[in-house]
Each structure stands twice: as structure tokens, then as C-alpha cells.
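Notes for the structure review
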Amino acid sequence: MSAHRCMVLLSRAKPLVKTLSFRNSAAAMLGRWDSGQVHRHLRSVFSSRNVSSNSSSRPPDTSLFVPLDIKSDQTSDGTVGAELTQPLDKSELLKVLNRFYKRREMQRLAAEHGLDARLFHQAFISFRKYVLEMGTLSADLHIILNDICCGAGHVDDIYPYFMRHAKQIFPMLDCMDDLRKISDLRVPADWYPEARAIQRKVVFHAGPTNSGKTHHAIQRYLTAKSGVYCGPLKLLAHEIFEKSNNAGVPCDLVTGEERTFVDPEGRQAGHVACTIEMCSATTPFEVAVIDEIQMIRDPSRGWAWTRALLGLCAEEIHVCGETAAIDFITELLYTTGEEVEVRNYERLTPFSLLDQAVESLDNLRPGDCIVCFSKNDIYSLSRQIEVRGLECAVIYGSLPPGTKLSQAKKFNDPDDPCKILIATDAIGMGLNLSIKRIIFNSLKKPTINEKGEKEMDTISTSQALQISGRAGRFSSMFKEGEVTTMHRDDLPVLKEILSRTVEPIEAAGLHPTAEQIEMFAYHLPQATLSNLIDIFVSLSQVDGMYFVCNIDDFKFLADMIQHIPLNLRSRYVFCTAPINKKQPFVCTSFLKFARQFSRDEPLTFDWVCRHIAWPLATPRNIKDLVHLEAVHDVLDLYLWLSYRFMDMFPDANLVRNAQKELDATIQEGVRNITGLIRASERQAGAPASLSSEPNGPRALAHRKGRASKALGAQADGWGADSSLSSRLLQDGLLTPDLLQRLQREWLEQQRPHGKAGEPSAAMTSQNKVKRKKKK
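Residues numbered from 1 in each chain as written. Predicted model: local features only at pLDDT ≥ 70, side-chain atom pairs only at ≥ 80, totals over all residues. Heavy atoms only, no water.

**Considering helix α24 (residues 584-598)**
Under the 1.5 Å per step criterion, the end-to-end length of α24 is 21 Å for 15 residues, consistent within 8% with the ideal 21 Å. All of the buried residues in α24 are V586, C587, S589, F590, F593, A594, Q596 and F597. Its buried side turned inward, α24 meets α22 (552-560), α23 (568-575), α25 (605-612) and α26 (622-642). The first or second residue beyond α24 is D600, which carries a positive phi of 60 degrees. (Helix = DSSP H or I, 4+ residues; strand = E, 2+ residues; numbered from the N terminus. Expected span 1.5 Å × (residues − 1). Buried < 20%, exposed > 50% of the residue type's maximum accessible area, 1.4 Å probe, protein only. Contact = heavy atoms within 4.5 Å.)

Quick look at the structure:
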């Protein structure tokens, strides 16, 4: 290592170098130290920063400490205490205990031993109940209480017995130091000794979407003797799996639900493409590729990128992602003593932000992609586009991968009449699409805040760039991309979002491991898994470079199966299953899987078929389609568990075949999605999308004056309002039945003097005139 490089490394520790003399002494060391010594020194410097930043650990959240019940009514020495003294007077005893509770000295002393005001109060209530309601007390406690009641002792003498009881109902008080050590997350790099034993070369391929950064990393991956690709999605892993094998490089595929070995005898190939959560931190490779590294800050999944970056045992680590991650990744790897080589890339094809919003679906053009953040919006827009005689493809997150690929292929096919795509931000990664223009239908997206609460928030610059970058891809038929909004008011907001620089990454996610939770459970054997996780997070210590990922989904599943008898490791594995908790059918299936597993009864294919009512019919409406998507998720859950508990989930191949058949059924339903929407509207008697965002007051205001096409023959007598009724029918705000009802009401309103169903006076006079003319 050159002296200049060493000085650069030391400059990274600038906040720690307080004085000029220290910098001079550090520079003087360069002549005596080799590169390994410099790296070790820097690592110790950063480690000392981590430790010092948490030297005063925060107090635990005692609201998480659940008191245990003391059920035993018998003591080893029976009634010895009463025999040596006399039975205790309960009313006098209550006065003594209350005096003890009010003693400030006792509260301060208890606080020094871990009992804050909350715990002190809870412990006292339990202790008082124990003393007053127990049939017999231990001899020593009985004698002390009797002496105090008789005036021969001091109320403070109760303290040791009170603390003994407090530690029985709050066992964590006795092992708080051990729990803090277990939950110390300040130096996660030390969790991976195999990776620390080798000097890894790290290359950061940085650039925007469609800049070729991943392509260059994959080229190095293909030329290596062995390699692993770690991607955020199954579709990306599958793409690299196919690309590698097509290039003559044998490659396996490993995802949470799938294992595909190219060797017919099941031997592992030298290369593997996997989802980020499935990468091995112990298998040695020559080259590893970590894609979309900026997701290391993801509040739910960031821990998987942290684990891969710190733990992969590869001679070369090729990291791909946004330039906003360069500084953070570089600083993070200084703590491991590893250098980062940065290679910057520019976008291969340009995209431009248009000056005008689309405003009307009549202005759509071939190659347009409308981006929504709601499934209801997708349903509504696809219905409105169909009314205009256009075909569209739809892609959203809950669709099976096969269906997404099928819809992408339909949209990309130049010979297919489908020229419009409606999608969620699921297109941001993993699909190659031939898009000319990205149209943001909305800039608001549901997000989960730090408290786990759902909020509607404006998309970030990073998200906007990721989605916008899908326009004008290098490999598509459009060499330049365009970006705009559906509504005029959103366009200046989008311009402002895209003009900002992407916020730099400041922290990486962490997640408690199964081993750490097992050690917690050893000290707190009667705590629930959800409570163990809460206490772990409360006591955990992280430095400023890390944060603990959101564990609400984990706790949700833990609480759901808490009543089911499972050992801790199995319970932990079940709770890490990737399921959509918004789907009631998926949650019910998860519960049934756990219950059947706890009975030690294998979950056979026949058992699963009875549960999901297999075989399933083609969907007749949107509700049926949503149910089929949920069933597909249930089969995914089975496959995911089958690789963790092979004996208990033995029919993975049969389930996978059924899943492929179900995927084809869902594809058929999605191809006819507008027909399903119409059927749902007919069954509900009103548009299914009436409450969706595109049909809100703001969206309707944008649609005023929009040119429309007639929807069949209109009812006679609607007269001058026919164009308005046509627009309402087109937008899905009115059905033909409602139109007829409104027509009848309108006609009745023209008869102000008659009863309902009777002709008005004006009509009666007209009839008289006609009869006179005939005569």
C-alpha cells in the first residue's frame, strides 16, 4: 500500500483525530507499518468509535417486561413460621406493606438494582398479593413480618424478600448483563470469521438505471471459476441463472421456494444465482455479485444486504447500485480493513421529463406505461382503457412471476395489439420492458413508518429515478425515454423530485439471528417469542452505521402461532416465512400449517389440496382472481417451508406442478382482467373502482372537457346530457342500470303536479289537443 493511500485511509477517521500531534504521529507510523498493520489500526479506531458511542447504554424499555405468575401455594418449611411466632394479622400486615411501598429510600435502592418506578410498582403489587393471599409463607419471611407488626423490626427489613420476589417474577433482572452482551450489535463484521480470514477485493459498480453496471459485474462473474449472484428478486436471480447457463457456465438457482441444480445427479455447480436472503456466508467463491446495494437501508430487508456485504467468502465482491451508496459502503468496509474500488457508469440512453401532463387516457400512445401505487387504480384504468378500444397489459406485485413475465412478453411483442402497460413500481427491478414513456398516475405511495404504521407519502427521488429509468431501455426498441404525469398538478412536483440529489445512505440494517434469540430464551425460558424479540431490540446496542430492521411482520406471525406448541428454532423459522399478512387466506393457511406441523403429521399434497379446494376454476370476477393469487402465495409458503423441514413437507414436486397449473389459470384471468372487472361491477350493482383514487374529486376535475366515445345507444329522452352520461359510463362511475333509474327519476321530476306514475298537467293538456285535432 502506498503512503498516499494510507493517508487517505487515515483521513477517513478525521472526526476521531482530535489533535495535530495525533495526525503527525499517525503519519510517522506509515514508515514502520505495512498495509495489514494500517488496516488493523484503522479497524481498531473505528471499533473504538463504535464502543465509545454506546459506552453509556440506554436503559431498557421496562414496559416490555411481563411479570410471571407464582402459582405454587406450598413452601418447603410449611407452617414453621406460624408455629415459631403467631399467625399474621392481615389488616396490620397491609399497613406494614404500604409503609414499605412509600419509603423513598426503598425505591431508590430498588432502582439501583434494575427496578425502575414501573417495575417497582408491578413487583410490589405482586409481592403484596403473594404475602396476603398465600396460605403459608417461608419461615424467614413470616418471622420478619411478625417482628415488624409487633414493633420488633423495621419496615426496611422487608427489602431483601421483596427483591427476591421481584427477581422471581422478572427473571431478566438477574441476567441483564448477559442479555446486553447477547444483544450487542455494534461490530457485526466480527460475526463472519470466514470472511475476515481472507483479504477481499471490493469493486463498486455505480450508476443510474440502464447504465450497464450490472452487466459489467456479471461479465466478471461468468469468467470466474466459481461465483454467486445475489439479487433482490426471484425474477432477477432467474434471469442470471438462464444467462449463465446459456453462456455455457453451469449455474444453479436458489430462492426461498426453489432449488434448481443443472447437474442431473444434484451436485452443486460452481456458480449459483440466488435471492439475497439465500446466499451462503460460509461457501467460498472466487467472485460474488451483490445487486441493488442501496437496499441495504431498506427498513425491512436491509439486513440481508448487510449480511452479504460483510459475510460473503469471495476473493472479489462486485457491488452494484446507486452512486448515493458509495461513501457509506466505503466507510463500512474500512471497519473490516478492505478497500473499495469505484467504477462509475453513465446511462446508455437518455430520458427526458416532458413539459406537459397526459391529462386524458385519450392521449395515450403505443409504448406508454402508466405507473400506479394501488391495485384498485390498475383495475379502474384498465377498464377505462378497454372502453376506448385499446388493449393493455397489467403487472403488479402480487402476481406470480410467470404471469408477470407473460404480461411483459405480451407488451414487448411488436406483433401483439397490446401497446399499453399499467403497472405498479414492481417494474422498477427485474423485468426488461420496451417502454417509451413512463406516466405517473400518482406520486403518493403507501409506506410503513418507523413505528410500523401505514402512511401515504410522496415517492422519494431514488424511487422516482428507479421507475423513470425504465423508459427508453438500451435493449428495447425505444432509444430515448420520456417521463411525465397523468395529472397536470403532479408535473411540477415530479420535476422537483427529480431535480433533487438522491439522499446518501447513512445506515445499514441488522436483524437478530436465531442463535441470539435462542440464547435470550435460555435466560428467559417462559417469555414468548414476540416478547423475546421486543426485549432484544430494546436492549440492543448499535453504532451510528447500523439500525435494527422493522420486525413487525415477524412479531405478527409469532403472536399468531404463540398458542401452538413448537420448539423455539421451529417457531423462529416459521416466523421468518415471507408471507403477505394482508391476505386473510394466507394467514389462515400459515396457522393451519403450523398446527399440523406441531402434531408431527406430514403436510401431504392431498392435505394441501383439501385445504385449498384443488382444483380451482378459472376466475369469474376480480374477487376470484385475488383468491387465486392468495392460493399461489400459500403454495409458495409450502415450498418455502419444504426446504426447511423436508420430512414434514414431503410433496414439494407435486405442489410445484400444481403451482404451475395455477399460474396458467391466473394468466388466463389477467388476460381477461377487464371482463372480470365488468363482472364484479355487475355483481356489486356499482363500479368496483368507485372509491379508487383516479375517480376521486381531484381526478374528475381533470377529466372535465375530455373527449369521449359513445358507449352504445343511450336511452331516449336523456337529450342534451348524453355526452355527460357517456363520460360517466366510460369512467366507470355509472352503470347502464343506474342510468335507467336516473332517467326514470328525471322523467318523474318533470311531473310536478302529478303523483308518481301519473301524467303531469302539461302532458294531459297536450293529449286533449291531439284528440280535438283527430275529431
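Structure shown, so let's carry the discussion forward.
**Looking at the confidence of the model for the protein chain**
Chain-level pLDDT for the protein chain is 80 on average; 77% of the residues reach the 70-or-more range. Considering only residues more than four positions removed or in separate chains, one finds that residues 1-56, a stretch of pLDDT under 50, has 59 contacts. Low pLDDT, under 50, characterises residues 686-723; the stretch is placed with 76 contacts to residues that sit more than four places away or in other chains. (pLDDT = per-residue confidence, 0-100.)

**Some points on the pairing of strand β16 (residues 481-485)**
Counting buried positions along β16 gives five out of five residues, so the element sits mostly inside the fold. A two-sided burial pattern is seen for β16, the buried positions comprising G481, V483 and T485 on one face and E482 and T484 on the other. With three bridges joining them, strand β9 (residues 351-353) and β16 adopt parallel strand pairing. If you follow S352 over to β16, its bridge partner there is E482. (Pairing = 2+ DSSP bridges.)

**Quick word on the sheet that holds strand β11 (residues 392-395)**
The six strands lie next to each other as β9-β16-β13-β10-β12-β11, forming an open sheet whose pairing is parallel. Only two strands of the sheet have a single neighbouring strand rather than two, namely β9 and β11. Geometrically, the sheet is characterised by an average inter-axis angle of 20 degrees between neighbouring strands, direction not taken into account. Of the pairings in the sheet, the one linking β11 to strand β12 (residues 420-423) comprises four bridges and is parallel in character. Considered in β12, the bridge of A393 is made with L421. Packed on one face of the sheet, helix α18 (residues 461-468) meets β9, β10 (368-371), β13 (437-440) and β16 and runs near 140 degrees to β13. Here helix α19 (residues 490-499) sits on the sheet in contact with β9, β13 and β16, set at roughly 125 degrees to β16. (Axes fitted to C-alpha atoms, helices over the stretch in contact; angles between N-to-C directions.)

**Considerations on the nonpolar core**
Grouped together as the largest cluster of nonpolar side chains are 177 residues, with contacts concentrated most on I158, F162, F574, F593 and F649. Of all the elements, α26 adds the most residues to this core, at 12 residues. Leaving out residues up to four positions away in the same chain, F649 has contacts with F574, F593, F597, L603, Y638, L641 and S642. Counting residues in hydrophobic clusters, the runner-up holds 26 residues, among them V371, L431, A464 and I497. (Core = buried A, V, L, I, M, F, W, Y, C linked by side-chain atoms within 4.5 Å.)

**A closer look at the sheet that holds strand β4 (residues 259-260)**
Spatially, eight strands are ordered β4-β3-β5-β2-β6-β7-β1-β8 in an open sheet, and the strand pairing comes out mixed. Edge strands, defined here as strands with exactly one partner in the open sheet, are β4 and β8 (340-344). Note that strand β3 (residues 251-254) and β4 share two bridges and pair antiparallel. Its bridge partner lying in β4, L253 is registered against T260. Along the sheet face, helix α12 (residues 213-223) touches β1 (201-206), β2 (227-231), β3, β5 (271-275), β6 (284-290) and β7 (313-321) and points at about 160 degrees away from the line of β7.

**Observations concerning unusual backbone geometry**
Following W614, the chain continues into P615 via a peptide bond in cis, with omega recorded as 0 degrees. Phi is positive for D600, close to 60 degrees, though the residue is something other than glycine. A residue is classified by how much of its surface remains accessible, and D600, at 59% relative accessible area, is exposed. Its identity as a non-glycine residue notwithstanding, A613 has a phi of 60 degrees, on the positive side. With respect to the helices and strands, A613 occurs in the loop between α25 and α26.

**Quick look at the side chain of S211**
Mapped onto the fold, S211 is located in the loop between β1 and α12. Engagement of the side chain of S211 in a polar contact is seen with the backbone oxygen of P208, the distance being 2.7 Å. Apart from the residues within four sequence positions on either side, S211 is in contact with Y345, E346, R347 and L348. (Polar contact = N/O pair within 3.5 Å; in protein donor to acceptor, adjacent residues only side chain to side chain.)

**Things to note about the pairing of β7**
Side-chain positions along a regular strand alternate between the two faces of the sheet. β7 sits mainly inside the fold: eight of its nine residues count as buried. Bridge count for β1 against β7 is six bridges, and the pairing is parallel. Considered in β7, the bridge of F204 is made with V319. Across six bridges, β6 lies against β7 in parallel orientation. Paired with I290 across the bridge in β7 is V319. Traced from β6 through helix α14 (residues 302-311) to β7, the parallel crossover comes out right-handed. (Right-handed = clockwise from strand over helix to strand, strands pointing away.)

**So, the packing of α12 against helix α13 (residues 234-246)**
For the pair α12 and α13, the least separation of the axes is 11 Å and the interaxial angle reads 50 degrees. Classified by the angle their axes make, α12 and α13 are oblique. Here the hand of the crossing between α12 and α13 comes out right-handed. Of α13, the residues touching α12 (which contributes I218, Y221 and L222) are I240, K243 and S244. Classifying every residue of the contact of α12 with α13 by side-chain character gives four nonpolar, one polar and one charged. (Parallel < 35°, antiparallel > 145°, perpendicular 65-115°, else oblique. Left-handed = near helix turned anticlockwise from the far one by under 90°. Nonpolar A, V, L, I, M, F, W, Y, C, P; charged D, E, K, R; others polar.)

**What to know about the packing of aromatic side chains**
Evaluation of the coordinates by the stated rule reveals 18 aromatic pairs. Here the aromatic rings of W191 and Y192 are separated by 6.5 Å at their centres, their planes lie at 55 degrees, and the arrangement is tilted. Residue class for W191 comes out partly exposed when judged on its relative accessible area of 29%. Within the aromatic cluster, the residues linked to one another by ring pairs are F574, F590, F593, F597, W607, Y638, F645 and F649. It is R644 that lies over the ring of W640; its NZ or CZ is 3.8 Å from the centre. (Phe/Tyr/Trp six-rings, centres within 6.5 Å; stacked < 30°, edge-to-face > 60°. Lys NZ or Arg CZ within 6 Å of the ring centre and 35° of its normal.)

**Digging into the environment of A324**
With respect to the helices and strands, the residue A324 is situated in the loop between β7 and α15 (326-334). Along the sequence, A324 and P504 sit 180 residues apart, while their C-alpha atoms lie 4.7 Å from each other. Once you skip the residues sitting within four places of it in the chain, A324 turns out to touch V502, E503, P504 and I505.

**Here we look at helix α8 (residues 139-149)**
Of the positions making up α8, those classed as buried are A139, L141, H142, I144, L145, N146 and I148. Where α8 terminates, the next one or two residues include G151, which has phi positive at roughly 85 degrees.

**Quick look at the pattern of salt bridges**
One pass over the structure, following the stated rule, counts 31 salt bridges. The salt bridge partner of E277 is R301, with a shortest N-O separation of 2.8 Å. A residue pair is termed long-range when its members are at least 10 positions apart, and E277 in the loop between β5 and β6 and R301 in the loop between β6 and α14 qualify at 24 residues. A residue is classified by how much of its surface remains accessible, and R301, at 24% relative accessible area, is partly exposed. (Salt bridge = Lys/Arg side-chain N within 4 Å of Asp/Glu carboxyl O.)

**Re the packing of α24 against α25**
Two numbers describe how α24 lies on α25: the axes approach to 12 Å, and their chain directions differ by 145 degrees. The two elements α24 and α25 meet at a crossing, and its hand is right-handed. Packed against α24, whose contacting residues are F585, S589, K592, F593 and Q596, the element α25 presents W607, H611 and I612 at the interface. Here the residues of the contact of α24 with α25 sort into four nonpolar, three polar and one charged.

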